[in-house]
Amino acid sequence: MTDGQGQQAQVGIVMLVHTAFHRAEQVARHWSAAGCPLVIHADKSVPAKTYDAFMKALSDVPNLRFSRRYRCEWGTWGLVAATQSAAEVMLADFPEVRHVYLASGSCLPLRPVEELIEYLAQRPQTDFIESATTADVPWTIGGLDHERFTLRFPFSWRRHRYLFDKYVDLQRRLGVRRNIPNAIVPHMGSQWWCLTRQTLSAILQDPERPTYDRYFRRVWIPDESYFQTLARLYARRIESRSLTLSKFDYQGKPHIFYDDHLQLLRRSDCFVARKIWPDADRLYQAFLKDPDNTMARTEPNPGKIDRIFAKAVDRRVYGRAGLYMQSRFPVEGRENGLTSAPYSVFEGFSELFEDFETWLARSTGARVHGHLFAPDRAQFSDGQTVMNGALSDSAALRDYNPRAFLANLIWNTRGERQCFQFGPGDTQTIEWDMAKDNNAQISVITGAWAVPLFKSNLNFADIRTAAAQLQRIESKHLDVLRSQWTKARVRIWSMAEFVESPMEPLQVVIDEMGLSRAQRGLSEAPRMTDLTGFGQFLQNLKNQGMHPYLMGNFPAGHDMPEPRPPKRKPYLVR
Amino acid sequence: MREWQDRRARLRDLAMAYRLRWKRRRLLFRALRKRRQLTPVSDRTAGIAPGAILAAMTVRNEATRLPFFLEHHRRLGVAHFLVVDNGSDDGTRDYLAAQADVSLWSTQASYRLSRFGVDWLTWLQIRHAHGHWCLTLDADEIFIYPYHDTRDLRALAGWLERQGHASFGAMMLDMYPKGPLAEQTYASGDDPFRTLQWFDSGNYMIQRKPDLQNLWIQGGVRARRFFAGNPRRAPTMGKTPFVKWNRRYAYVSSTHSLLPRRLNHVYDTEGGERISGILLHTKFLPEVVRRSGEEKHRQEHFANSRFYDSYYDTLAGNPDLWCPQSRRFTGWRQLEAMGLMSRGGWP
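Every value quoted in this text rests on a predicted model; they were computed, and no experiment measured them.

### Some details on the overall build of chain A
Item 1. Tallying secondary structure elements over chain A gives 22 helices and 20 strands in all.
Item 2. Radius of gyration (C-alpha) of chain A: 36 Å, far over the 25 Å computed for a compact globule of 574 residues.
Item 3. For chain A, the C-alpha atoms occupy an extent of roughly 110 × 60 × 45 Å along the three principal directions.
Item 4. Taking all 574 residues of chain A together, the buried fraction comes to 54%.
Item 5. By sequence separation, contacts in chain A at least 24 residues apart represent 75% of the contacts at least 6 residues apart.
Item 6. By element, 50% of the accessible surface of chain A is carried by carbon and sulfur atoms, the whole surface being about 25400 Å².
Item 7. Side-chain charges in chain A split into 73 positive and 64 negative, and the spacing between the mean points of these groups amounts to 6 Å.

Okay, structure coming up:
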């Protein structure tokens, strides 16, 4: 209030309109009712009939002007030209205006206009315009940032995309670089600003303006850089932010607010929001007809809206890891996690220990399944036939798409650690998916499949056949686990190695699961099955010409493996 | 070597695209011929406004389902329904003819030979849906999508267009009651999901079809209960029911896939989530038990109908589809959180 105009200082609204004229009219009346002079620009491509009806509808509104019409296509100079001419009318016709607020027909004032007027009156020399140098902003849609200012863009991006792209390529190849006039520093930012009369008139009345106009005419998206750059030359105090709340999707297109955003918008304390869905009756009703004057508000605070909209972009770009569904089906390598949560696979443990599954469940609190990939059915924990998500234990359904089965199981039980048994007797098709999954923790006691054979009552010839087959399968499986593509955390012990000191490796595996109940150290050990005579059993197999090697060295006659001098560390493949 | 393989793959793809182009032309021609099977009953298509959202469907004896069906989709913003009545004898025809926003045609010709009604609808879509967003549904499908309770179909269509999408995927979700099917009650016009409250939430299996590039989704209660021994035969659940129609488009098999095949790309392959919806399937209303005998006999619902005899027999035996892991339906946000559908980037 240095110039003594004091109370008369006004906020003028420049409004750019191209569709939804009934809403534009409603908002124009709202601004006007609070005493704001208005200058409205309607896109030249609006049919004359619509435009005339719109002008007629607003004919009773005081302090309202229509400015010369330009064709406004996104990303082109027309928007700047329209803004310039409307702003000139505003400055010339309404001398009391101190701040000019650039809005669109789909903008909606969220707070009473008086609060905006008061807010600006308290900051008489501040320009609110988002304005940042190209190096400092992440909004580079289409791979163009600084090149917006150094190449020419005579072709429309919307209508002539091919020419647009080709011409950019050509200029890049030829090494064309435009000179930026008077060494101004290009800035970019939201198209929606609020400038003081001083700054705005300095831009519009600059003797160099023809030079700048000629330059910006061929810049890409000049409406996001013309005023943003030139304001830097004259403004006394720039607040680099827009008073208009507007959010963009991952392609850089403005988001639209709908009725269900009402509470979010209320709590944002922003002055104006765009774009509003023209049919959002509840929003227009709430903010124009019964505005909420009760709260004492100061600064806009769009934090919550920012978070929710950033989350939407994340969901669109990265999705929920481990989810396969009708609109998220990543190609191999782009899954961002094959499954949604870590899980543990135990191979050979329930063969070696008599009560391994109940012991594991008791000491970790995790859900422990049997052999999920058993040939006859998926052995869900506690003998269930249907798991979370109505996942069936049918082997046919599981084997029809084993990967979907595993991904579904882990997804359906989010929040609960899953453990299951696996072995050479199971359907093996899933092995690569597990090996390549960095959520998998796979612990293997090799050769433990021989224990059930050892305990069985089969004829020895059958045992010999089965042992040969299981050994062949497990050996192949180990090749997979040791391959260079494996991302799972894999630990492999031979059976001989493991029985020598079982607690240490068990503790390591369980610690890594990171379940609080097991952190204090294992209080009890699982009960190992009686291996008396196992060495002789292996010797018998050898005598029959089958060579069991995966279980390590169990000499015949000894019940426990021979102590070997330096003990090897567990084998950790990463 | 690698380059050579790439080139071969590209050539193969071009050849496939060319074959599919002819397939699409064949389908359109087929629709053109089948137009003679349709007799107009009440043609109100002159009242279709530019940009209006349309729905197209073939019905047979759906008098029970139609009142809720029409009411629900009107509420979503469907402005006009294009309906083919395939020989109903339960009053469906008169009911539909009396609706101001329904244009009705009738035919007695074979449903199966019309590719399950699709040929007829393709013809109606050529005539009336060009340039409109069009929902193609069955009478037992209730379409929902993220925010359907607050944002109408025009908002959805606007969002899709701004994203550059011309089609929208929606998976079928079989809804069922707790207890034997025939022992439930349902009165025409009621919300069917007060009877069919339950669904299978996490047993869907997906493969990508190499030719049409759509996702082949199977699973749900029918796979669990009727096809656990022969999953390959389990019904296909993925559909693309909402399309910004062009008279050159054609559905290939039901609304599971369509041509040109870019319209089948309703899913993201780079790890992100596209927006998608759900077709709540009201097949298991009590009358299904009575009707499954009739459907088995008519052999009009599957291309290889004899494979599905045991399915119809089980249904006719009035089964209870519920299991302790069934989930009770509460609304779209629940389905979104479970990952059955997605809001994608629509905040």
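### Considerations on the domain arrangement of chain A
Interface size is commonly expressed as the accessible surface area that is lost when the partners come together.
Item 1. Domains assigned within chain A are domain 1 (9-317) and domain 2 (343-573).
Item 2. Just the C-alpha atoms count here: the centres of domain 1 of chain A and domain 2 of chain A sit 64 Å apart.

### Quick word on the pairing of strand β2 (residues 38-42) of chain A
Residue and element names in this part refer to chain A.
Item 1. For β2, the buried fraction is high: five of the five residues fall into the buried class.
Item 2. Neither face of β2 is left uncovered, since the one carrying L38, I40 and A42 and the one carrying V39 and H41 both have all their residues buried.
Item 3. Both strand β1 (residues 10-17) and β2 contribute to a ladder of five bridges, which runs parallel. Residue pairing in the sheet places I13 in a bridge with L38 of β2.
Item 4. Handedness of the β1-helix α1 (residues 21-33)-β2 crossover: right-handed.
Item 5. Two elements, β2 and strand β3 (residues 64-66), share three bridges in a ladder whose sense is parallel. The partner of I40 across the bridge, within β3, is F66.

### Considerations on the interface of chain B and chain A
Item 1. Across the contact, 59 residues belong to chain B and 49 residues belong to chain A.
Item 2. Between chain B and chain A, a total of about 4400 Å² is buried, with carbon and sulfur atoms accounting for 49% of that surface.
Item 3. Applying the counting rule to chain B against chain A returns six salt bridges.
Item 4. Residue D268(B) is joined to R316(A) by a salt bridge in which the shortest nitrogen-to-oxygen separation is 2.8 Å.
Item 5. At the boundary of chain B and chain A, one finds 35 residue pairs in polar contact (both at pLDDT 80 or more).
Item 6. Breaking the side of chain B that touches chain A down by element, the ones donating at least two residues are α5 (153-163), β7 (167-174), β9 (204-208), β10 (215-219), α6 (220-226), β14 (277-281) and α9 (332-338) of chain B.
Item 7. Among the residues making up the side of chain B that touches chain A, the classes are represented as 26 nonpolar, 19 polar and 14 charged.

### Digging into the side chain of E273(B)
Item 1. With respect to the secondary-structure elements, E273(B) resides in the loop between β13 (257-259) and β14.
Item 2. A polar contact of 2.6 Å, which involves the side chain of E273(B), links it to the side chain of S342(B).
Item 3. Those residues in contact with E273(B) that sit more than four places away from it in its chain are R315(A), R316(A), G319(A), R320(A), L323(A), S327(A), R328(A), D268(B), S342(B), G344(B) and G345(B).

### Regarding α1(A)
Residue and element names in this part refer to chain A.
Item 1. A rise of 1.5 Å per residue sets the reference length of α1, with its 13 residues, at 18 Å; its end C-alpha atoms lie 18 Å apart and thus fit the reference within 8%.
Item 2. The set of residues buried in α1 consists of F21, R23, A24, V27, A28, H30, W31 and S32.
Item 3. Phi for G35, located one or two positions after α1, is positive at around 90 degrees.

### Quick notes on the sheet that holds strand β12 (residues 272-273) of chain A
Within a sheet, neighbouring strands are paired by backbone hydrogen bonds and run either parallel or antiparallel to one another.
Residues and elements named next belong to chain A.
Item 1. Spatially, the three strands line up as an open sheet ordered β5-β12-β11, and their pairing is mixed. Only two strands of the sheet have a single partner each, and these edge strands are β5 (108-109) and β11 (244-245).
Item 2. Two elements, β5 and β12, share two bridges in a ladder whose sense is antiparallel. Looking at the pairing, P109 lines up with V272 of β12.

### A short note on the nonpolar core
For soluble globular proteins, nonpolar side chains are generally found buried alongside one another.
Item 1. One finds F143(B) and F242(B) to be the most contacted residues of the largest nonpolar core, which totals 136 residues.
Item 2. Here this core gets six residues from one element, more than from any other, and that element is α5(B).
Item 3. The residue makeup of this core includes at least three contributed by each of domain 1 (9-317) and domain 2 (343-573) of chain A.
Item 4. Beyond its immediate stretch of four places on either side in the chain, F143(B) contacts H72(B), H73(B), L76(B), L135(B), L137(B), L153(B), F168(B), A170(B), P241(B), F242(B), I278(B) and L279(B).

### Some words on the packing of aromatic side chains
Residues and elements named next belong to chain A.
Item 1. Tallying each qualifying case throughout the model produces 59 aromatic pairs over all chains.
Item 2. Taking 5.8 Å as the distance between ring centres and 45 degrees as the angle between the ring planes, the aromatic pair formed by Y258 and W277 counts as tilted. Separated by 19 residues along the polypeptide, Y258 in the loop between β11 and α10 (262-268) and W277 in the loop between β12 and α11 (281-289) bring together distant segments of the chain. Both residues of the pair, Y258 and W277, count as buried.
Item 3. Each ring, one from F534 and one from F537, has its centre 6.0 Å from the other, and the planes form 25 degrees; the classification is stacked. One end of the pair, F534, and the other, F537, are both in helix α22 (residues 534-543), three residues apart, so they sit about a helical turn from each other.
Item 4. Judged by its relative accessible area of 0%, F534 is buried.
Item 5. Pairwise contacts between aromatic rings join F346, F349, F353, F356, W359, W493 and F498 into one cluster.
Item 6. Across from the ring centre of Y284, 4.1 Å away, lies the NZ or CZ of R23, which sits over that ring.

### Focus: the packing of helix α7 (residues 197-204) of chain A against helix α9 (residues 226-234) of chain A
All names here are of chain A.
Item 1. Between α7 and α9, the shortest axis-to-axis distance is 9 Å and the interhelical angle comes to 110 degrees. In terms of orientation, α7 lies roughly perpendicular with respect to α9. Contacts between α7 and α9 pair T199, L200, A202 and I203 from the former with Y226, F227, L230, A231 and Y234 from the latter.

### Considering the confidence of the model for chain A
Low pLDDT marks regions whose predicted coordinates should not be analysed in detail.
Item 1. Counting all residues, the mean pLDDT for chain A is 88, and 92% of those residues have values of 70 or more.
Item 2. Low pLDDT, under 50, characterises residues 1-6 of chain A; the stretch is placed with seven contacts to residues that sit more than four places away or in other chains.

### What about the confidence of the model for chain B?
Item 1. Across chain B, the average pLDDT comes to 93, with 98% of residues at 70 or higher.
Item 2. The complex model carries a pTM of 0.90, and its ipTM stands at 0.93.

### Brief notes about the pattern of salt bridges
Residues and elements named next belong to chain A.
Item 1. Counting across every chain of the model gives 50 salt bridges over all chains.
Item 2. The partner of R29 in a salt bridge is E25, with the nearest N and O atoms 3.2 Å apart. On the criterion of helical spacing, the pair formed by R29 and E25 is a turn pair, its members being four residues apart in helix α1.
Item 3. With a relative accessible area of 30%, R29 lands in the partly exposed category.
Item 4. Relative accessible area serves as the criterion here: at 22%, E25 is assigned to the partly exposed category.
Item 5. A salt bridge links E88 to R209; the shortest N-O distance between them is 2.7 Å. One end of the pair, E88, is in helix α3 (residues 78-93); the other, R209, is in helix α8 (residues 209-217), with 121 residues separating them in the sequence.
Item 6. On the basis of relative accessible area, R209 is assigned to the buried category, the value being 15%.
Item 7. Through salt bridges with shared partners, a single ionic network connects R123, R237, E239, R241 and E299.

About the criteria used
- Residues numbered from 1 in each chain as written.
- Chains lettered and ligands numbered in written order.
- Predicted model: local features only at pLDDT ≥ 70, side-chain atom pairs only at ≥ 80, totals over all residues.
- Heavy atoms only, no water.
- Helix = DSSP H or I, 4+ residues; strand = E, 2+ residues; numbered from the N terminus.
- Rg over C-alpha atoms; globule rule 2.2 N^0.38 Å.
- Buried < 20%, exposed > 50% of the residue type's maximum accessible area, 1.4 Å probe, protein only.
- Contact = heavy atoms within 4.5 Å.
- Areas by Shrake-Rupley, 256 points an atom, 1.4 Å probe, with all protein chains shown as cover.
- Lys, Arg positive; Asp, Glu negative; His and termini not counted.
- Charge placed at Lys NZ, Arg CZ, Asp CG, Glu CD.
- Domains from an automatic or database assignment.
- Pairing = 2+ DSSP bridges.
- Right-handed = clockwise from strand over helix to strand, strands pointing away.
- Buried area = accessible area lost by both parts, 1.4 Å probe.
- Salt bridge = Lys/Arg side-chain N within 4 Å of Asp/Glu carboxyl O.
- Polar contact = N/O pair within 3.5 Å; in protein donor to acceptor, adjacent residues only side chain to side chain.
- Nonpolar A, V, L, I, M, F, W, Y, C, P; charged D, E, K, R; others polar.
- Expected span 1.5 Å × (residues − 1).
- Core = buried A, V, L, I, M, F, W, Y, C linked by side-chain atoms within 4.5 Å.
- Phe/Tyr/Trp six-rings, centres within 6.5 Å; stacked < 30°, edge-to-face > 60°.
- Lys NZ or Arg CZ within 6 Å of the ring centre and 35° of its normal.
- Axes fitted to C-alpha atoms, helices over the stretch in contact; angles between N-to-C directions.
- Parallel < 35°, antiparallel > 145°, perpendicular 65-115°, else oblique.
- pLDDT = per-residue confidence, 0-100.

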